Amino acid sequence: MTRKDTGDRRRKIGPDPKFKSPQIQRFINRIMQSGKKSTAQGIIYDSFDIIKEKTKQDPLDIFKKALKNVTPLVKVKARRIGGSTYQVPVEVGSFEGESLGSRWLIIAARKRNGRSMKDKLASEFLDAAAGQGASVKKREEAHKMAEANKAFAHYRY
């Protein structure tokens, strides 16, 4: 353990250029591959334009609602106790929950069939905002798993 307290180790990420939202900037950084941030920004903003065309609503609201619907409250963590491994339910913090949720959104969008990434991402945002889709299903699975293993909650660390 170091003697010096470094406090919160998270890097501060500035807001995105268009919507001035740090949440969208984190999402852009997560979707980015091979350091191509302008491509990732283009994908996100184009998908927001598609959402605006389809629904005539503010895409930022739909994005936030989708992320809220996908963000898990609990997850299971493998814990080895006395020779056997238990799936112990653990509460998820807000930052980690947002991180998991956005990762699930991106993975689900990439797995969708057909069109370009901007179309797939827009469809996944709309599905998640409506409470359906693969990313919401992933969250429900995580919650079911935690509920099923509630008996091992006393092994939490």
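Above this note sits the structure.
This text gives an overview of the structure that appears in the document. Just so we're clear, the structure is a prediction, and the values are computed from it rather than from any experiment. (Residues numbered from 1 in each chain as written. Predicted model: local features only at pLDDT ≥ 70, side-chain atom pairs only at ≥ 80, totals over all residues. Heavy atoms only, no water.)

A look at the packing of helix 2 (residues 37–55) against helix 5 (residues 117–129)
Following both chains from N to C, one finds helix 2 and helix 5 inclined at 55 degrees, their axes separated by 8 Å at the closest point. By the criterion of interaxial angle, the relationship of helix 2 to helix 5 is oblique. For the pair helix 2 and helix 5, the crossing hand works out as right-handed. In this structure, helix 2 contributes I43, I44, D46, S47, F48, I50, I51, K54 and T55 to the contact, and helix 5 contributes M117, K118, D119, L121, A122, S123, F125 and L126. (Axes fitted to C-alpha atoms, helices over the stretch in contact; angles between N-to-C directions. Helix = DSSP H or I, 4+ residues; strand = E, 2+ residues; numbered from the N terminus. Parallel < 35°, antiparallel > 145°, perpendicular 65-115°, else oblique. Left-handed = near helix turned anticlockwise from the far one by under 90°. Contact = heavy atoms within 4.5 Å.)

A word on the environment of L126
In this structure, L126 sits in helix 5. Counting along the chain gives 63 residues from L126 to F63, while the straight-line C-alpha distance between them is 8.2 Å. Contacts of L126, omitting those with residues within four sequence positions, involve I51, K54, T55 and I62.

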